[in-house]
Amino acid sequence: MITGLFTDFLVISVTLSLVIIGLITLTPLLRKHYSAKLSYWIWLILTLRLLLPFNFSFTNPPVAIHLPEGQAIATVFQSSVSQNLQADTPVISQPVQTGDVSHIPSIINIFAYIWVTGAVLFLGYHLLSYFFFRKQVLRWSSPLQREDMFAKLKQVAKEMHVTPAIPVLISSKVPNPMLMGFYKPTLFLPHDQYSDEELEFILKHELVHYKRHDIIYKLLLLIVQALHWFNPLVWFMAREAVREIEIYCDDTVVRKQNAAYRKKYCEAILSVMQSNATRHVALSTNFAGGKHSMKQRFGSILNMKEKRNGVGAFLAVLMVVSVTAVLAACTNLTGQSTDTALKPGTIYSYSSSGEQVVVHDAGNAYSMDEDGNVSVSYRKGEIQAQTPLKLDTTGTEMGMGRADTGFYISEDKTAIVYGFADGKESPLHVLISDDMGKSWNNYNIAGAKGYDAKFIGFTDKQNGWIVSGGSAGVGRSLNYVYQTSDGGKTWTELGNPNDLYAESLAGAGFSNKDIGFLGFRYYEDNGPVIYWTKDKGQSWEKLVVSLPESFNEYQKTPLSPIFNGKEGLYPILLSKEGNTVGTIYLSSKDNGLKWTYDPAYDQIGDSK
């Protein structure tokens, strides 16, 4: 999860950096022709976008930044075919403790934890500094006593339609007039020795900030800096945004005022600056500011030229931000098809004799000890973990045998479906691990049916499927299809082909949410019999398979299809007179919409 957030924010940061550079370059031009209101809202839109940890997803992003963990489709398939259809016999061993799981984190994981640490330290430092400073200010504060200042506050608040008026306290700990607090803002004054005119300017300035909730704006900027602390352009953007907040506030106070009024307003700011050293305090607004920003503020205040609001320019920037959002969606840091893409998983199926076999070996496997305790291993045994599942080894408990249990084992998602499900009191159970067996979640599918052969798989980290079967007589079975879109927490039953064909399954698989396949053991003819859906189970039809005539003499059992992105292989087990002859393959490049026989993958003569 942390790695996913990091890559999301990294993509957002990099793509929006292009926009920030463009806006910084155009800032002098924007200030010359447009009011500060335009820049104020532009920086706010960018701030909000930088805060949102999501990217729209595309199935095939055009921009892919490959990291070392990427794996090409040809390599995946070739390695799996060479090890295909090995009998997955139980491994009798001692249970492996979950606590033994360990592995070296990848570079991207290390960067992700560094990013989180930096963000927490940055945000913690500024928030603690703010709360400590506010505590000191409140400790040495006193209520406003002068009646004339109360009257001026009431007058200005009424003019600006602020009701009720904000509280005002006197504290020697504040360097200049400032508004503090994002929940209940309070105006702090360093003293009460202001002239009537100075006090009016101060109150108007701070009440503009109060009405616009600018402290919330600054809080968002602080969070953005924390999340993108590694990007200096975001820091520069935050500084520019703070400056525009003050300039926009000044423009609002002096709008439609003459030159004399504007000059006195500048003098009031200078007077405050000379009386105390200014200090930047997070989550506060200051009547006075730093010397570097005052030149721009005074230039804006004294400029009598009427400027445009820049609605068209704002819409143009909004369009650019939208385009960069699409660019972020099209950028893939991991070399996988989507942010939720999976590392390849080990896929299981059943031979024509009902024996469980591996159709794709991704270097992950499961085993049972003599008591039925199930363990899983990853990376060819490098990492091992114990599951909380104990299967029946006596053959007396329906739905709990090894042959009744479905497995999908990937480094990113391990899923096990098991149990006797009668559609009533007894649910189907699904075990899910997203961290290579360190932790497990057990979810129930109430109302599900099936207790014989079960299949489970995921097309990405969130979207998965289950097919469970239940006996309907000798050699026949009713099959039920379920789907999840939240990583396995909840499951929805889809339509099934039982009205068309109700026989024992040998394999099952989906290429995406909509397209799925059910392969049946040969029954009345030599097969292969495959039913497929391209509308999420609303309708099923028999898949027309064209094979060379030389295979007519063999019984053909379609196993579970293997997909990596849009590309797929469909293994078909050949047998004759009860003996396995080998495996041939159909291949697809469009999510399984079209299949063609591909002799390059033939494994003929590997009998068992």
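Residues numbered from 1 in each chain as written. Predicted model: local features only at pLDDT ≥ 70, side-chain atom pairs only at ≥ 80, totals over all residues. Heavy atoms only, no water.

### Some words on the overall build of the protein chain
The number of helices and strands found in the protein chain is eleven helices and 32 strands. In the protein chain, which comprises 608 residues, the proportion classed as buried is 51%. A total accessible area of about 28600 Å² is found for the protein chain, and carbon and sulfur atoms account for 56% of it. (Helix = DSSP H or I, 4+ residues; strand = E, 2+ residues; numbered from the N terminus. Buried < 20%, exposed > 50% of the residue type's maximum accessible area, 1.4 Å probe, protein only. Areas by Shrake-Rupley, 256 points an atom, 1.4 Å probe, with all protein chains shown as cover.)

### Here's the deal with the sheet that holds strand β12 (residues 383–390)
Read from one edge of the open sheet, three strands run β10-β11-β12, paired in antiparallel fashion. The sheet is open, and its two borders are formed by β10 (365–368) and β12, each paired with just one other strand. Ignoring which end each strand starts from, the neighbouring axes of this sheet average 25° apart. (Pairing = 2+ DSSP bridges. Axes fitted to C-alpha atoms, helices over the stretch in contact; angles between N-to-C directions.)

### Describing the packing of helix α4 (residues 107–139) against helix α7 (residues 214–227)
Two elements in contact, α4 and α7, have axes whose closest approach is 8 Å; the angle formed by their N-to-C orientations is 145°. Residues Trp115, Ala119, Phe122, Leu123, His126 and Leu127 of α4 pack against Leu222, Ile223, Gln225, Ala226 and Leu227 of α7. (Contact = heavy atoms within 4.5 Å.)

### Regarding unusual backbone geometry
Cis geometry marks the peptide bond from Gly527 to Pro528; its omega dihedral reads 0°. Turning to its location among the elements, Pro528 is positioned in the loop between β24 (516–520) and β25 (529–533). The phi torsion at Arg379 lies on the positive side, around 50°, for a residue other than glycine. Following the sequence through the fold, Arg379 ends up in the loop between β11 (373–378) and β12. Residue Asn591 is not a glycine yet carries a positive backbone phi of 65°.

### A short note on the sheet that holds strand β5 (residues 186–189)
On the basis of which strands lie adjacent, the open sheet formed by five strands has the order β2-β3-β5-β4-β6 and mixed pairing. The sheet is open, and its two borders are formed by β2 (141–143) and β6 (284–286), each paired with just one other strand. Ignoring which end each strand starts from, the neighbouring axes of this sheet average 30° apart. One ladder, built from three bridges, connects β2 with strand β3 (residues 168–171); its direction is antiparallel. When the bridges of β3 are listed, Pro143 appears paired with Leu169.

### What to know about the nonpolar core
Counting 49 residues, the largest nonpolar core has Leu189, Tyr265, Ile269 and Phe287 as its most contacted members. Top element by residues in this core is helix α9 (residues 259–275). It accounts for seven residues. Once you skip the residues sitting within four places of it in the chain, Leu189 turns out to touch Met149, Val168, Leu169, Ile170, Ser171, Val174, Pro177, Tyr194, Leu199 and Ile202. Membership of the second largest hydrophobic core comes to 32 residues, among which are Leu50, Ala112, Tyr217 and Leu227. (Core = buried A, V, L, I, M, F, W, Y, C linked by side-chain atoms within 4.5 Å.)

### A closer look at the pairing of strand β19 (residues 454–458)
Within β19, five of the five residues are buried, leaving the element largely enclosed by the surrounding structure. Residues of β19 alternate between two faces, with Lys454, Ile456 and Phe458 on one and Phe455 and Gly457 on the opposite face, all of them buried. As defined by bridge partners, β19 adjoins strand β20 (residues 464–471) across five bridges and the pair is classed as antiparallel. What sits directly across from Gly457, in β20, is Trp465.

### Considering helix α5 (residues 147–159)
Residues three or four positions apart in an α-helix share a direction because the helix packs 3.6 residues into each turn. In this model α5 runs 18 Å from its N-terminal to its C-terminal C-alpha over 13 residues, within 8% of the 18 Å that 1.5 Å per residue would give. Along α5, the residues that are buried comprise Met149, Lys152, Leu153, Val156 and Ala157. An end-on view of α5 places all buried positions within 130° of arc, on one side of the element. Seen from the buried face of α5, the exposed residues on the opposite side, beyond 90 degrees, are Glu147, Lys154 and Lys158. Elements that come into contact with the buried residues of α5 comprise β3, β5 and α6 (196–212). Looking at the residues trailing α5, positive phi occurs at His161, about 60°. (Expected span 1.5 Å × (residues − 1). Arc of directions from axis to C-beta.)

### Some details on a nonpolar patch on the surface
On the surface, Ile107, Ile110, Phe111 and Ile114 cluster together to form a nonpolar patch covering roughly 380 Å² of accessible area. Tracing the sequence through the fold places Phe111 in helix α4. (Patch = residues over 30% accessible without salt bridge, like charges linked within 9 Å, V, L, I, M, F, W, Y side chains within 5 Å. Salt bridge = Lys/Arg side-chain N within 4 Å of Asp/Glu carboxyl O.)

### Things to note about the confidence of the model for the protein chain
Summary statistics for the protein chain give a mean pLDDT of 82 and a share of 83% for residues scoring 70 or more. Taken as a whole, residues 56–105 scores under 50 in pLDDT and shows 111 contacts with residues more than four places along the chain or in a different chain. Counted against residues more than four places away or in other chains, residues 332–339, with its pLDDT under 50, gives 27 contacts. (pLDDT = per-residue confidence, 0-100.)

### Remarks on the pattern of salt bridges
In a structure, side chains of opposite charge can pair up when their charged atoms sit close to one another. Applying the stated rule across the entire model yields 14 salt bridges. Between Glu240 and Arg243 there is a salt bridge, with its nearest N and O atoms 3.4 Å apart. One end of the pair is Glu240 and the other is Arg243, both in helix α8 (residues 232–254) and three residues apart, which spans about a single turn. A single burial state applies to Glu240 and to Arg243, both of which are buried. Here Glu567 ties to Lys589 by a salt bridge, and the two come within 3.7 Å at their closest N and O atoms. Taken together, the residues span a long stretch of sequence, with Glu567 in strand β29 (residues 567–576) and Lys589 in the loop between β30 (579–588) and β31 (596–597) at a distance of 22 residues. By relative accessible area, Glu567 is classed as partly exposed at 28%.

### Considerations on the pairing of strand β16 (residues 428–433)
With respect to burial, β16 is a largely interior element, five of its six residues being buried. Relative to β16, strand β14 (residues 414–418) is paired through five bridges, and the arrangement is antiparallel. Note that in β16 the partner of Ile416 across the bridge is Leu431. For β16 and strand β17 (residues 441–445), the ladder comprises five bridges, and the chain directions are antiparallel. By the bridge assignment for β17, Leu428 is matched with Ile445.

### Focus: the environment of His228
You can see His228 is positioned in the loop between α7 and α8. For His228, a relative accessible area of 0% translates into the label buried. Aside from chain neighbours lying at most four places away, what touches His228 is Phe9, Ile12, Ser13, Leu50, Val234 and Trp235.

### What about the packing of helix α1 (residues 2–33) against helix α2 (residues 36–51)?
Put simply, α1 and α2 touch, their axes get as near as 10 Å, and they point 170° apart. By the angle between their directions, the pair α1 and α2 is classed as roughly antiparallel. Contacts from Phe9, Ile12, Ser13, Leu16, Val19, Ile20, Leu23, Ile24 and Leu30 in α1 reach Leu38, Ile42, Trp43, Leu46, Arg49, Leu50 and Leu51 in α2. Here the residues of the contact of α1 with α2 are counted per class, giving 14 nonpolar, one polar and one charged. (Parallel < 35°, antiparallel > 145°, perpendicular 65-115°, else oblique. Nonpolar A, V, L, I, M, F, W, Y, C, P; charged D, E, K, R; others polar.)

### Remarks on α4
The end-to-end C-alpha distance of α4 is 48 Å, a good match for the 48 Å that 33 residues give at a rise of 1.5 Å each. Turning to α4, its buried residues are Ile108, Ala112, Trp115, Gly118, Ala119, Phe122, Tyr130, Phe133, Arg134, Gln136 and Val137.

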